[in-house]
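Here is how the chains run, residue by residue.
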Amino acid sequence: YSFCTLLQPGVHMGHMDTRIVLIKVLIFISLIEWATGCAPGGTIDAVIASTSTLSTMSSDIGQSATVTGELMSAGPYTVFSPSDAEGFGSLPIAVRSEMNLLTSTREAIIKTHIIRGSRFSGASLSAVGTQPSIEGTFLQITSTTVNTATILQTDLCGSNGVVHIINRVIVPSSLGFPPNGENLLAVLSATGQHTLLVGTLNTMSLSSLLTEMNRVKTVMAPVDSAFQSILNQNLAVNALTTVIKRLLIPNEYLLTTAIPASGSVTTESGELMSYTSGVFGSATTATNNIKASNGLIHSVTTIPVAAAITPPPVVVPPTSSLIPVSDTSKSVLQHLSGESVWSTFYSIVTSPVLSGVTGSLFSGTGPVTVFAPTEQGWNALPQGVKEYLNDDLAVMQRLLDYHVIMGTTFRYAELLSASPLITYEGATLTASASVAATVLGEDKAYITYSDIFAYNGVIHGIDKVLKPPGIFLPTKTLLDILTESSDLSISAELFTLAFPSIDLTLPGSMTIFVPVNDAWNKLIAGQLAVLRSDTLVLAKVLKHHIIGTYRTTSDMRSQSEIIPTYKVPDNIGWKTDLNGELIVKVPSNADTVSGKFWNNVFDIRAVNGIAHGIDSVILPPDTVLPSPKVWGILQGTPSLSIFTGFCDRLGYPDTLFNRLGRPVTLLVPTNSAFGRLPSGIFSLIQQNNSVLAKVIGLFVIEDSELTDELLESTGSVSSLEGSVLSVVRSLTSTRPLTVTVADQTMNVIQSNLVGSDGIIHITDSVILPSASRVPEIPRLNAAALLDRLRPLQTFMAEISKRGLRNLLQSTGPITVFAPNADGISKAQQGWDVFQENDSKMDRVLRHHIARNYLSEGDLRRSAPGAVATTDDGSVVPKRGFTSQEASAVTYAIQDGTQSVVLNGVQATIIDTIPTDNGIVHVINGLLVPTSLTSDLTTTDRSISTIITSKPHFSIFDSIIKSASFDSMLMGPGPYTILCPTDDAFKAIPAGQLNLIRLRADVGASLVEYHMARQGVVLDSSELVKSSPISAKEGGLLRVSTSSTGDIVINDQARISAPDIPAKNGILHEITSVLFDLEASWVGQLPTTSSRLLISSTSSTVIFNEIIEMCGEPCLEIIKDDRNNGHSLFVPTDSAIRAALATASIDEMRTTQSQSQRFFFTHVSEGTISGTLSAQQTGGQETLMMKDGMMITVGLLSGVFSILSPSVDVSKSDSYTTNGIVHLISAPLSTALNTSTLVSVAPPDLTPISADSDDDFQLVIIIVVCAAICCLLICVAAFCVFRRVRDARRKKRQTNEQETAQKEKELNIDNSPEITNGYVNTNPIDQVGFNGMLPDNDIIESVTCGSQDTVLRLESIPSQNSIYTPQHNR
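Definitions and limits used
- Residues numbered from 1 in each chain as written.
- Predicted model: local features only at pLDDT ≥ 70, side-chain atom pairs only at ≥ 80, totals over all residues.
- Heavy atoms only, no water.
- Helix = DSSP H or I, 4+ residues; strand = E, 2+ residues; numbered from the N terminus.
- Buried < 20%, exposed > 50% of the residue type's maximum accessible area, 1.4 Å probe, protein only.
- Areas by Shrake-Rupley, 256 points an atom, 1.4 Å probe, with all protein chains shown as cover.
- Pairing = 2+ DSSP bridges.
- Axes fitted to C-alpha atoms, helices over the stretch in contact; angles between N-to-C directions.
- pLDDT = per-residue confidence, 0-100.
- Contact = heavy atoms within 4.5 Å.
- Salt bridge = Lys/Arg side-chain N within 4 Å of Asp/Glu carboxyl O.
- Polar contact = N/O pair within 3.5 Å; in protein donor to acceptor, adjacent residues only side chain to side chain.
- Core = buried A, V, L, I, M, F, W, Y, C linked by side-chain atoms within 4.5 Å.
- Disulfide = S-S within 2.5 Å.
- Left-handed = near helix turned anticlockwise from the far one by under 90°.
- Nonpolar A, V, L, I, M, F, W, Y, C, P; charged D, E, K, R; others polar.
- Phe/Tyr/Trp six-rings, centres within 6.5 Å; stacked < 30°, edge-to-face > 60°.
- Lys NZ or Arg CZ within 6 Å of the ring centre and 35° of its normal.
- 1 Å grid on protein atoms, 1.4 Å probe; cavity = no way out; pocket = protein on both sides within 12 Å on 5 of 7 lines; lining within 4 Å.
- Points joined across faces, edges and corners; volume = space filled by probe spheres on them.
- Arc of directions from axis to C-beta.

This part covers the overall build of the protein. In terms of helices and strands, the protein carries 53 helices and 64 strands. Counting over 1369 residues, the protein shows a buried share of 46%. Here the protein displays about 62900 Å² of accessible surface, and carbon together with sulfur accounts for 53% of that area.

For the rest of this paragraph, the subject is the sheet that holds strand S32 (residues 700-702). Read from one edge to the other, the open sheet built from seven strands follows the order S32-S31-S37-S36-S35-S34-S33, with strand pairing classed as mixed. The open sheet terminates on both sides in strands that have one partner only, identified here as S32 and strand S33 (716-718). On average, adjacent strands in this sheet sit at an angle of 30° to one another, irrespective of strand direction. Pairing analysis gives five bridges linking strand S36 (residues 744-755) to strand S37 (residues 758-763), with the strands arranged antiparallel.

The pairing of strands in a sheet comes from backbone hydrogen bonds and takes either a parallel or an antiparallel form. Reading across the sheet, the four strands line up as S9-S8-S14-S13 and stay open at both edges, with mixed pairing between neighbours. Two strands lie at the open edges of the sheet, namely strand S9 (248-250) and strand S13 (285-292), each paired on one side alone. With strand direction ignored, the average angle separating the axes of adjacent strands in the sheet is 15°. Inspection of the sheet shows strand S8 (residues 217-222) paired to S9 by three bridges, in the antiparallel sense. Its bridge partner lying in S9, Val-219 is registered against Leu-248.

This part takes up the confidence of the model for the protein. For the protein, mean pLDDT is 78; residues scoring 70 or higher make up 79% of the total. Contacts from residues 307-322, a stretch scored under 50 in pLDDT, to residues over four places away or in other chains number 27 contacts. Predicted confidence for residues 863-878 stays below pLDDT 50, and this span has 27 contacts to residues more than four positions away or in other chains.

On to the pattern of salt bridges. By the definition in use, this model includes 27 salt bridges. Across the pair Asp-60 and Arg-106 runs a salt bridge whose closest N-O atoms are separated by 3.9 Å. Taken together, the residues Asp-60 in helix H4 (residues 55-62) and Arg-106 in helix H7 (residues 103-112) connect sequence positions 46 residues apart. Note on Asp-60: relative accessible area 3%, which makes it buried.

A word on the side chain of Ser-770. When you line up the elements, Ser-770 lands in the loop between S37 and helix H33 (782-787). Only 3.1 Å separates the side chain of Ser-770 from the side chain of Ser-772, close enough to count as a polar contact. Excluding residues within four positions of it along the chain, Ser-770 makes contact with Ala-742 and Arg-779.

Moving on to the nonpolar core. Side chains of a nonpolar character, in soluble globular proteins, are inclined to be buried together. With 50 residues, the main nonpolar core has Leu-634, Phe-643, Phe-657, Leu-666 and Ile-760 as its most contacted residues. For Ile-760, the contacting residues outside a window of four places in its chain are Val-630, Ile-633, Leu-634, Leu-666, Val-668, Ser-751, Asn-752 and Leu-753.

A few words now on the pairing of S36. Each regular strand carries side chains that alternate between the two faces of the sheet. As paired elements, strand S35 (residues 737-741) and S36 share five bridges and run antiparallel to each other. Residue Val-739 lies in a different strand from S36, and its bridge partner there is Met-746. With antiparallel pairing between neighbouring strands as the criterion, S35 and S36 make up a hairpin whose turn holds two residues, including Ala-742 at a positive phi of roughly 50°. Taking the residues between adjacent antiparallel strands as the criterion, S36 and S37 are bridged by two residues.

For the structure shown, the criterion picks out one disulfide. Through a disulfide, Cys-1110 is tied to Cys-1114; the S-S separation comes to 1.9 Å. The S-S bond linking Cys-1110 to Cys-1114 shows a torsion near 80°; that makes this disulfide right-handed. Across the pair, Cys-1114 and Cys-1110 agree in class, each one buried.

Another aspect to go through is the side chain of His-335. Mapped onto the elements of the fold, His-335 is located in helix H13 (residues 332-337). The exposure class assigned to His-335 is buried, which follows from its relative accessible area of 4%.

Right, let's talk about the packing of helix H41 (residues 954-962) against helix H44 (residues 1000-1009) for a bit. Between H41 and H44, the least distance of the axes is 8 Å, while the angle of their chain directions is 115°. Classified by chirality, the crossing of H44 by H41 is left-handed. Facing Phe-956, Ile-959, Ile-960 and Ser-962 of H41, the residues of H44 in contact are Ala-1000, Gly-1003, Leu-1006 and Val-1007. Residues of the contact of H41 with H44, tallied by class, amount to six nonpolar, two polar and no charged.

Evaluation of the coordinates by the stated rule reveals 14 aromatic pairs. Arranged with centres 6.1 Å apart and planes meeting at 25°, the rings of Phe-956 and Phe-985 form a pair that is stacked. Here the residue Phe-956 occupies a position in helix H41, and Phe-985 occupies one in helix H42 (residues 982-986), the gap between them amounting to 29 residues. By the burial criterion, Phe-956 is buried, and Phe-985 matches it. On the numbers, 5.9 Å between centres and 35° between planes, the contact of Phe-1103 with Phe-1159 is tilted. Placement of Phe-1103 in helix H47 (residues 1101-1110) and of Phe-1159 in helix H51 (residues 1152-1161) is noted, with a sequence separation of 56 residues between them. Here the aromatic residues Phe-1103, Phe-1158, Phe-1159 and Phe-1160 are joined through ring pairs into a cluster of three or more. If you follow Lys-291 out to its NZ or CZ, it ends over the ring of Phe-177, 4.8 Å from the centre. Across the ring face of Phe-1160, the terminal group of Lys-1186 is positioned such that the distance to the ring centre comes to 5.8 Å.

Take the layout of surface pockets next. In this structure, the second largest pocket occupies an estimated 2200 Å³ of space. Every residue lining the second largest pocket is counted, 43 residues in all, and those nearest its centre are Arg-96, Lys-801, Arg-802, Gly-803 and Leu-804. At the level of elements, H4, helix H6 (93-101), helix H34 (793-801), helix H35 (805-808) and helix H38 (838-846) are the ones that each hand at least two residues to the lining of the second largest pocket. The greatest single-element share of the lining of the second largest pocket, amounting to five residues, is contributed by H6.

The next thing to look at is helix H11 (residues 224-231). Along H11, the residues classified as buried are Asp-224, Ala-226, Phe-227 and Ile-230. What you see down the axis of H11 is that its buried residues fit within an arc of 160°, all on one side.

Structure below.
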């Protein structure tokens, strides 16, 4: 527009150089805007507020006056705004906690995302490089990233800048948070001052207390010297756990600079800890406020009071007489040799296999202190440990050296003070006080004989053998070892089944050859099931794997032997093969290898023996295992127990299996496969036998016995459920077969388990029948389902706002009691209170979500009379569940109706829908925790406050404030108010609503007509009884009850939410705006649409013809039923003729593209600007026309005028039902070529230099080329338009002929149907409603019959009188 203005004759701007420079600049700016596609909107803060995915950023900006003021200034700005879900949703909890706590932190983080002074479009980001934010952090910008954040969307444009959406919040380093998101444990580890605390947490498996990311924590972390004082107390595990939990304060982010001067907090152990001036539990603080991604650390040098533990008392040595006596004429070794209590210790010390090293120490010059285990101590060692020590002499030597201290003679009384003691083995040995005597080491060995002196040292007798740190000694039984090994789990199961015939926990020393899992699975199909079912045969087979002596692999390699097996008359032997591998054999099968030792699973030491894994099952020669039936295989395979249980429930053992001559092939998923099913689906099939039969039927192939080879060759088979299973052999997987149904696959992981009546193949996953075959199986999680149900949108909006969608998207199972709109409206007062309090609303929402799967049948089946304890410790009837909020929700069967009622009478289940992670019950009430029920009935808010707080009363609230009634409605009252919703106001024609909002007298009268005159509170029942009611405005309000039970005002407005209490009265929400038809202002409202006004005005014939030529693009804006609001500036016929050549006018009358461009230049959509609006704003207003041109309007000498460009308004303020029309004295159009303008005298141009002349000629060439391109485009568009128009005419004629013929055949009377003064030219019969239409909801579209035709039900205002709801058809 500016460019074309510069080229107009008569425009003088001084020297031509200036004009050329400006032209270049304007062309450059236009090219940039064209390249970026960036059309400016409001200011940056408004752009962010209007973007649904940036609500968190908008909220944080709104809480900072500094940032809000910044973004409302001229700018320009570039803002990188994190999205709600990916950006702020992934923000560490500690950062969000500090943002909520400190305004300075919130502002610093928001400012880090803002660049002042530059407007970088998406296309230019690649060249930006590094830029400082207004917070001071430097942002490294590329075309796709900002620092570590990824750019998701670019170019949300505002009038003072541009917004780009990113997927991560950028936290400035100045705030002190760890750069890589380290958690509390990682931050503690990095300090180097808390190694003992970190090590203890890891050792005791308590590290998760500091790594969980879903709740914030404050940690009082003792430095190593302080924590050592705790460890020195030798606390039991449970006591030490309590001490550690006292150092943790959950759900608190306790910045010492931001907490009250004093108070108390609850620790992880549940105890209270007080603090004063940032000092917690009187602990001395070394460093405060060390930040982690999930909490805060205060490093302390003393232990908080709550963590103090009284150490155990120190006791005196025993006073009883000691049997061994001192003799300083003897050496230590001689003392040991002469006392029977140390005979074993003496024999080991002097054993030649140990080279007598220890014995020589005891007979040398010393001095030595010896802790000598008595016979009691050696006998207490398990036999397997003794065998291990005898087998590993190096370990035995270290163990002996650990009992010796060289160079010092310690008396009994000196041991405690000298602890820790340095042993000859090199490790330290602690002495500590116990109740009866001094004890040594971790095993608490008591000193039973003390101070037995020899010439070279002293002996203290102890009742246990001391174990040096860092060496292995067996501590587990053979059964423990089998149970803990994943490779030996089947053997562990079978040895357990064989108890008590075989007991691997008994003391002793035995050797077992343990078949690994693969060995058992190699048995002939079904034989393992036989062993599981016949314990006598099982015991015989297992005993054939046991010998009664301790044999290591070294023993067996050094000498081949034949040894009788355990309690059976068979022998087993071993030898090495040609490759040096150890094998086991049964002598009767001398030429057959019974099994090889398996991988590294051998020489597994236990306290009662040693185990070796082998790769085969060694069956006794006289034992033959029969093939079982299919049902026996299923029952005998624990990993298939879920499938087996389902078959049992369906009666398959009697109806499907064991049928003579009718074998079955089963594809059986494992238990872990069923465990991977979505929890809601698994719960559904557990409870619904009909669905279960279809699911299990998918894995059954009747009347066939198909091996994997036959399945592969067949290619596809039909299941019992009816689906076709496709079977192929995978070429890229180790799985033998892949089975596919409805794009789902499962792999066969074990095939050909042959039974006498069928065959089984085990699969690794569960596939489901297709949705078309079994629609009952849910395919959506709870969140996705609730998003699709309109009556539940209020509930879901709060769920999303509070960040609780993850609960509904969890793996479950969960049960959601979702209140519909009616349910919420019944408790509207409480709902409003909860919306204003995040903590309360969070509790209420969680109170609707159960932590398990509760079908309606479950609710009915619960046994009365029993009790259960909830998470918060309260006892409730068994007919109840614990919600995510951790409070009890009770339910009962309503007397006489069998309806399930929740929390007494609060809510009744009206619909039930399964999901893939649980189940949803739609309820018609609100569930509220007991502690919050008082919020349902009490209020301390005025009517004005309540109306302002409800977003859906925003229009009524603005009218109240415009009429200055808000202060009155905050007064004592009492008042009874009927509140129309925003939807009710939006049903009024936009032009009428505009006048109501702009004229204070009209708004005041309308508000008074919605107020009862009586100074009393009229609840919904009193309204009906008191009808007719005198309104404050003077008119009458007629109240009645409809056939459906709804309360209706003036036969048109339904009360949708009654009885909303306030401290100064009561409110009733209504669905339509009430008009007093006797009021004088009602007749002043516009009744004509802009389209009708223009077509009926004699001075706007040309403009009307232009609209007709433009067609739908223009009519869509101003047509009768369009209720968007617009400002239309219409040049009169004389104005158009004076400004444009006849050819140009004719072209607009005949060319759609030209007519559209001309019309779009004169209309601004979405605004109604006139004298009243200018008076109300008190200044100028900038309008964006439909073609993008900007104009400025306002009052000039009290008259509404177009100020820029300067055009006279000849007649202003013609209000219509859908906008406003102004007649103007000249066209605003800049879209036409300059050649179409009326010729005027050429300007007097000053001569310019050669260089400037060249530039000017270049510009002229560009303009001419552009004009030619535009002309070619217009010609092409005109041709297309002619062809489309002709095609439409032909199609319309064909349709009319077909319709007439059809009506003739059906004998339909198609004469217009007149109803209440309205012509209905298309009666509708037999409308088929496809889908649920909830109560009290607006029907937006339905499906008619089978033609997929969308029927829109819209408000059609009368053209002959003002709009009232009575006219709505």
